[in-house]
Amino acid sequence: MGSACISIIEGNPHLRSLLGWHLQHVGYLVHQAADLHNARDIFYAHQPNLVILDAELPEGNSLEFCQWLQQQRQSLILMLSARTTESDIVRGLRAGADDYLTKPFGMQEFLARTESLMRRSRTIVPPTILDYGSLKIDLVQRRVRLQSQLIELTPQEYSLLYVLAQACGEPLSRSELLRRAWPDAIDNPRTIDTHVLSLRKKLETDPRQPNLIQTVRNIGYRLNLEVLKAETVRAVRLNGKYPPIRGVKTESSA
């Protein structure tokens, strides 16, 4: 199994520890979290092959988090739940879970289901491009296109935009952005403001009135996915022709 990575998000500390011990015992690299906030950090830092998700976390909405994970297209999901009705199971599977295991369960069954999902994970080809409508992020060449136009970004700007995009519209604090974009850097979180300003100059039609990278008062910044969807719809109506954007250039002029 080597370096195969599993993330456990489970509110019960005893069950979380027990599952982690058994998975480590058979050779998996395991990361654990008790809540969704830490679960996101683990996802960004380790990109697990499999996420084992408690459906009844005391804080946060597990089904919404499951949907978010499914949209990332990078991890399979095993949902654990004490809810055993058909409608509960259907909701979990429709939210994006690849398998659903009801509590209480036997450890041998849990390990067998985990092994089955990990075999599937080896056949999944990770995405090479993250597609957010009019915004596309090439993970291989580390290039960004907005409205079909190539945008010249520094490595720091690229990392910051990637983290904002992966948050799927949720606001992130400056400290979170700093930790996720440049985990090895020791710097002032206010440095984020400088890079956001630089990104806005390259991405926004009017950087003085930003519409794409929004400031969220008392929190930090978010990427406005709604405006990306609106631009995509407008482009289709205009037969694929996008209005010009400040700070970008076409492939022919690159």
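Residues numbered from 1 in each chain as written. Predicted model: local features only at pLDDT ≥ 70, side-chain atom pairs only at ≥ 80, totals over all residues. Heavy atoms only, no water.

Strand order across the open sheet formed by 5 strands is β2-β1-β3-β4-β5, with parallel pairing between neighbours. Both edges of this open sheet fall to β2 (29-33) and β5 (99-102), since each of them pairs with a single strand only. The average undirected angle you get between the axes of adjacent strands in this sheet is 20°. Across 4 bridges, the pairing between strand β4 (residues 76-81) and β5 is parallel. (Pairing = 2+ DSSP bridges. Helix = DSSP H or I, 4+ residues; strand = E, 2+ residues; numbered from the N terminus. Axes fitted to C-alpha atoms, helices over the stretch in contact; angles between N-to-C directions.)

Here we come to the packing of aromatic side chains. Taken as a whole, this structure holds 3 aromatic pairs when the rule is applied. When the ring of Phe43 is compared with that of Trp68, the centres are 5.2 Å apart and the planes differ by 70°; the resulting orientation is edge-to-face. Of this pair, Phe43 sits in helix α2 (residues 36-46) while Trp68 sits in helix α3 (residues 62-72), placing them 25 residues apart in sequence. Each member of the pair, Phe43 together with Trp68, is buried. Measuring from centroid to centroid gives 5.7 Å for Phe105 and Phe110, while their planes differ by 20°, and the two rings are stacked. Here Phe105 matches Phe110 in class, with each residue buried. Through successive ring pairs, a cluster of aromatic residues spans Phe43, Phe65 and Trp68. For the cation-ring pair, Arg40 lies above Trp68, with the distance from its terminal atom to the ring centre recorded as 4.3 Å. (Phe/Tyr/Trp six-rings, centres within 6.5 Å; stacked < 30°, edge-to-face > 60°. Buried < 20%, exposed > 50% of the residue type's maximum accessible area, 1.4 Å probe, protein only. Lys NZ or Arg CZ within 6 Å of the ring centre and 35° of its normal.)

Checked against the element boundaries, Ser75 lands in the loop between α3 and β4. On the accessibility criterion, Ser75 (8% relative accessible area) is buried. Considering only alpha carbons, one finds Ser75 and Ile6, 69 residues apart in sequence, at a separation of 9.1 Å.

This part takes up the confidence of the model for the protein chain. Low pLDDT marks regions whose predicted coordinates should not be analysed in detail. The share of residues in the protein chain with pLDDT of 70 or more is 85%, and the mean pLDDT across the chain is 82. Predicted confidence is poor over residues 240-254, with pLDDT under 50, and the contacts of this stretch with residues over four places away or in other chains come to 37 contacts. (pLDDT = per-residue confidence, 0-100. Contact = heavy atoms within 4.5 Å.)

Axis separation between helix α1 (residues 13-25) and helix α5 (residues 107-121) bottoms out at 11 Å; the angle between their running directions is 60°. If you check the angle between α1 and α5, you find them oblique. The chirality of how α1 crosses α5 is right-handed. Only Met107, Phe110, Leu111 and Thr114 of α5 make contact with α1, whose side of the interface consists of Leu18, Leu19, His22 and Leu23. (Parallel < 35°, antiparallel > 145°, perpendicular 65-115°, else oblique. Left-handed = near helix turned anticlockwise from the far one by under 90°.)

For α1, with 13 residues, the first-to-last C-alpha span of 18 Å sits near the 18 Å given by 1.5 Å per residue. Within α1 the residues assigned to the buried category are Leu15, Arg16, Leu19, Gly20 and Leu23. Relative to the axis of α1, the buried residues are bounded by an arc of 130° and lie together on one face. α1 presents His14, Trp21 and His25 as exposed residues on the side facing more than 90 degrees away from its buried surface. Those residues of α1 that are buried are in contact with β1 (5-9), β2, β3 (50-54), β4 and α5. You can read the cap of α1 off the contacts: a side-chain oxygen lies 2.9 Å from the backbone nitrogen of His14, and it is on Asn12. (Expected span 1.5 Å × (residues − 1). Arc of directions from axis to C-beta. Polar contact = N/O pair within 3.5 Å; in protein donor to acceptor, adjacent residues only side chain to side chain.)

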